[in-house]
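# Survey of secondary and tertiary structure
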Amino acid sequence: MSARLAAILALLAAPLGPTEALAGDPTPASESPVSSTSNRTRVHGLLRRAGDRAPLAGVALFAYPAPAGARPGELHDPEPPAAEPPWVRRIETDDAGAFALDELPAGGLLALEVVTPGHLRTRWIVDPAKIPARGLRLYLRPEASSPYRTTVVERRQKPTIAGPAPVERQLSREEIRTLPGSQGDPLRALQSLPGVARSPFGAGLLVLRGASPRQSLVYVGDHPVPIAFHLSGLASVLPPGAIDTMTFAPSNFAPAFGNASGGMVAITPRAGRRDAYHGEGYLDLGGVGGQAEGPVGKGTFLVAARRAHLDLPLRVVGLVNPWSVSIVPTYYDYQAFYDRPLGRGRSLHVGFIGAGDRLAFKESPKSERDPLSSRKSLFEPRISFHRVDLAYRAKLGDTAVLLTPALRVDTNRVVVETNPDFEPAPRRSLVSTLRAQLDHALTETLTLTLGADAELGRQTGEVRDEPESSFGQVVNGAAGTSNTTSMDHVYLGLYGEAVLRRRGLMLAAGTRFSALTAEGTNGFAVDPRLRVRQELGERWILSGGVGLYAQPWVGVTGVSGGALSNNYFYGTRLVLPDQIVNNYDPTLERYEGNIRMAQALHATAGAALHLAEGVEIEAHGFFRELYDPYRPQRGTDNPSERAFGGEFIVRKRLTRRLYGWVAYTLLWAQQAYRTSDGGTIYDTGLFDQQHNLVAVLSARLPRDWQVGGRFRLSSGLPYTPVVGAVGGSPAGYLPPDEFEPIFGFPLSARFPLFQQLDLRVDKRWIRKRTIVTAYLDVLNVLNHQNTEAYVYNIDYSRPVQRIGLPILPLLGVRVEI
């Protein structure tokens, strides 16, 4: 390359106006000659990123006479011109990626060249006489190590309801899509972070710092959703393409969030892109889905939908080997968002989201020719929800306002085809929610937030009263009474918080007031909360928080307690982890007496160290105890459950080539048991998982390959063991050849140590207007035999089969336009 041309390319970093003429150009931009002269020409067009067609703004483009012998076309990483060009012009693209070069010398071919970080150096040879009236469309290819969509084209301005928490972690869309073992799902990706326990069978249970999934909430927009995962656990109810940001706080979140005594996940839906119409579709072994977005009038839209089709290949497998298939999942979900700026700092958002599930546990086949479709369901939950919400936001000087109502319809039932008499009545809910919030900057360092949220609903479902043993376990085979009833509830929350930011200090102090009325009974709670974060220089951050978090235990949060026991699987001799047993019961339980709030105390403290190259080290300790008025220690001041431990993570943030982390969680989760003398003891809790180690690494390779792996090592989950059995004639109510198990002390046994290695490979092909990605995500690539359930012999004297997930490959393709 000549010294002169090298100097020209070096001008990329130099400031300049929209058009700049360089030495040797016979027509400096300041002269503005007449454009109609025959020896002058004009070149204009749009510069976009290849694949997703995003406009490239502020990119310098060079024009000069094409080298001798050049032909029209596109060259990547071209050789420099052999001879110094007689003139060179340079221009920067505007915000829409448009450029226009006027008064260029006419005659011959032109070379247009772009050199910009993160993209391949590209030269286009064009014939000015053949440029269409609409102008050129140039597509600049990213480097193989350059990530896509790391910035949001359009983000709604809004007052946040999350606020800074002592522990608050985010994952980018790139990390969510490519995280090994997560199948590109946002909430499954969260299960690889510290503070989140491993779920049995990879199920969709979001266990945050030892809290039940029912004690944590997932917000989509400004309102919670009743379910975060589909029942199969294979996917959450929102795909990654519809997400702008996802914030995860395992405890000590802001007072704006209520009705949760565990943790919180806040998902902000993504506004559609306005630069052009875009679409996306995918097909893999788990399901099929699609997404479309673009401008509409003065606003934008984004619509998405997907449907799982695992039931189809499972039916085929069931024809070959009927004994190999016993669970058949089916689900769907959809999303539709419309966003429009109203001017003067105001905006409007309209959202529709919904999901539906069926998870059928089939009876054993009677013969080799017994197809899956003819086998009855032992237990088949069917759930769905549909929600519409509006959000009006306004920025008025130092004040931000949010007003958002929502309406949701839920349905929930269990089908028991083998015993219809045991089938509970469906539960239906109509729930309306409303949030109003005001954020005002009192000074440059002090911000005040005031808000209110309300929920009004009617639920119709089944109320069950079942006999219990001395340890709270349902007695198998003993029939309880049931009645169908309805329950109306009104929930109101008022909150306020002051946030001080000064010299690296963030101090947030606030309070939340919660009230509930249902069927003439009332509950009330006051939750003061304090959070602090102190930056020490550019590397160290100290953080901590303490506060109370109340949750109504009946009506508002849906199910309380778990009435599903192993007698649902009577005849299969299957003993599952108690996490599964206590989290797939869709019926309502009703407690006698006044409704009160279950209130949890959260405390956390820790430090973070930020090193060079995007490396972070964090360590936090936490403590949580829950006071539930309906648990075995009723009438005492002792907490019904508690959890404590620590989290540690070393993380390499997403860069052009790789990301990863090593996370370790030490957790003790305990629950209260009533002793024979009326006292209370604490022993292993339902979500106790003392050790959980996760290592993740994903790297981008040349030619648009990406390879990653995830290794997990964790303690086995607790379960209630079988200590004996009664059967036949001695039992009185059982046939002679059937037995019923006798369960021991709850959660007094534990499954073996769990270990699993997952592998993911992505290959991307980038074209001018399309990106095609093929991916292979393999769970348990070493096919390690982890035990997550036992199948006992006929008299329950010993387990004869250990059940765990085998190697599970997920192969798919995604097309983006």
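Please read these numbers as outputs of a predicted model, since none were measured by experiment.

With that settled, consider the overall build of the chain. Across its full length, the chain carries 6 helices and 44 strands. The buried share among the 817 residues of the chain stands at 53%. Across the chain, the fraction of contacts at a sequence separation of at least 24, relative to all contacts at a separation of at least 6, is 68%. When the accessible area of the chain is evaluated, it comes to approximately 34,200 Å², of which 58% is carbon and sulfur surface.

Read from one edge of the open sheet, 3 strands run β6-β2-β9, paired in mixed fashion. Edge positions in the sheet fall to β6 (98-105) and β9 (136-140), since each of these pairs with one other strand and no more. Looking at each pair of strands side by side, their axes are set apart by 30° on average, direction ignored. Two strands pair when backbone bridges link them, and strand β2 (residues 40-49) and β6 are joined in this way by 6 bridges, in the antiparallel orientation. Across the sheet, the residue bridging to Thr 41 is Leu 104, located in β6.

Pairing is mixed in the open sheet, where 5 strands are placed in the order β10-β13-β14-β11-β12. Pairing within the sheet leaves two strands with one partner each, and these edge strands are β10 (169-170) and β12 (223-224). As judged from the 4 bridges shared by strand β11 (residues 217-220) and strand β14 (residues 264-269), these two strands associate in the parallel manner. Looking at β14, one finds that Val 220 is bridged to Ile 267.

Let's shift gears to the pattern of salt bridges. When charged atoms on two side chains of opposite charge get close, those side chains can pair. With the rule as written, the count across this model stands at 32 salt bridges. Glu 175 is paired through a salt bridge with Arg 651; the nearest N and O atoms lie 3.3 Å apart. With a gap of 476 residues between them, Glu 175 in helix α2 (residues 173-178) and Arg 651 in strand β31 (residues 641-652) connect regions that are remote in the sequence. Exposure class is identical for Glu 175 and Arg 651. Each is buried. It is possible to trace a salt-bridge network through shared partners that takes in Arg 169, Arg 209, Glu 618 and Glu 647.

One broad trend across soluble globular proteins is that nonpolar side chains are buried collectively. Core analysis: the biggest nonpolar cluster contains 42 residues, and Leu 187, Met 246, Val 265 and Trp 661 have the highest contact counts within it. Only α3 (186-190), β11, β13 (243-249), β14, β19 (346-362), β20 (377-396), β32 (658-674) and β34 (691-701) provide two or more residues apiece to this core. Tallying contributions element by element places β19 first for this core, with 4 residues. Contact partners of Met 246, with chain neighbours within four places excluded, come to Arg 169, Gln 170, Leu 171, Ile 176, Pro 186, Leu 187, Leu 190, Val 265, Ala 266 and Ile 267. Judged by nonpolar contacts, the second largest core, of 20 residues, contains Trp 87, Leu 101, Leu 104 and Leu 140.

A separate point is the packing of aromatic side chains. Inspection of the entire model under this criterion finds 11 aromatic pairs. On the basis of an interplanar angle of 25° and a centroid distance of 5.7 Å, the ring pair of Phe 644 and Trp 668 is categorised as stacked. Of the two residues, Phe 644 sits in strand β31 while Trp 668 sits in strand β32, which places them 24 residues apart along the sequence. Overall, the relative accessible area of 27% leaves Phe 644 in the partly exposed class. Residue classification places Trp 668 among the partly exposed positions, given a relative accessible area of 30%. Ring-pair connections join several aromatic residues into one group, and the members of that group are Tyr 719, Phe 751, Tyr 790, Tyr 792 and Tyr 796.

Okay, the side chain of Ser 429 next. Residue placement: Ser 429 occurs in strand β22 (residues 427-441). Here Ser 429 falls in the buried class, since its relative accessible area comes to 4%. Setting aside anything within four residues of it in sequence, one finds Ser 429 in contact with Arg 408, Val 409, Asp 410, Arg 458 and Gln 459.

With 77% of its residues at a pLDDT of 70 or more, the chain has an overall mean of 79. Ranking the elements of the chain by mean pLDDT puts strand β1 (residues 19-21) last with 39 and strand β35 (residues 705-714) first with 95. This model gives residues 7-37 a pLDDT under 50, and the stretch forms 50 contacts once residues within four places in sequence are excluded. Taken as a whole, residues 554-571 scores under 50 in pLDDT and shows 66 contacts with residues more than four places along the chain or in a different chain.

Cut-offs used in this document
Residues numbered from 1 in each chain as written. Predicted model: local features only at pLDDT ≥ 70, side-chain atom pairs only at ≥ 80, totals over all residues. Heavy atoms only, no water. Helix = DSSP H or I, 4+ residues; strand = E, 2+ residues; numbered from the N terminus. Buried < 20%, exposed > 50% of the residue type's maximum accessible area, 1.4 Å probe, protein only. Contact = heavy atoms within 4.5 Å. Areas by Shrake-Rupley, 256 points an atom, 1.4 Å probe, with all protein chains shown as cover. Pairing = 2+ DSSP bridges. Axes fitted to C-alpha atoms, helices over the stretch in contact; angles between N-to-C directions. Salt bridge = Lys/Arg side-chain N within 4 Å of Asp/Glu carboxyl O. Core = buried A, V, L, I, M, F, W, Y, C linked by side-chain atoms within 4.5 Å. Phe/Tyr/Trp six-rings, centres within 6.5 Å; stacked < 30°, edge-to-face > 60°. pLDDT = per-residue confidence, 0-100.

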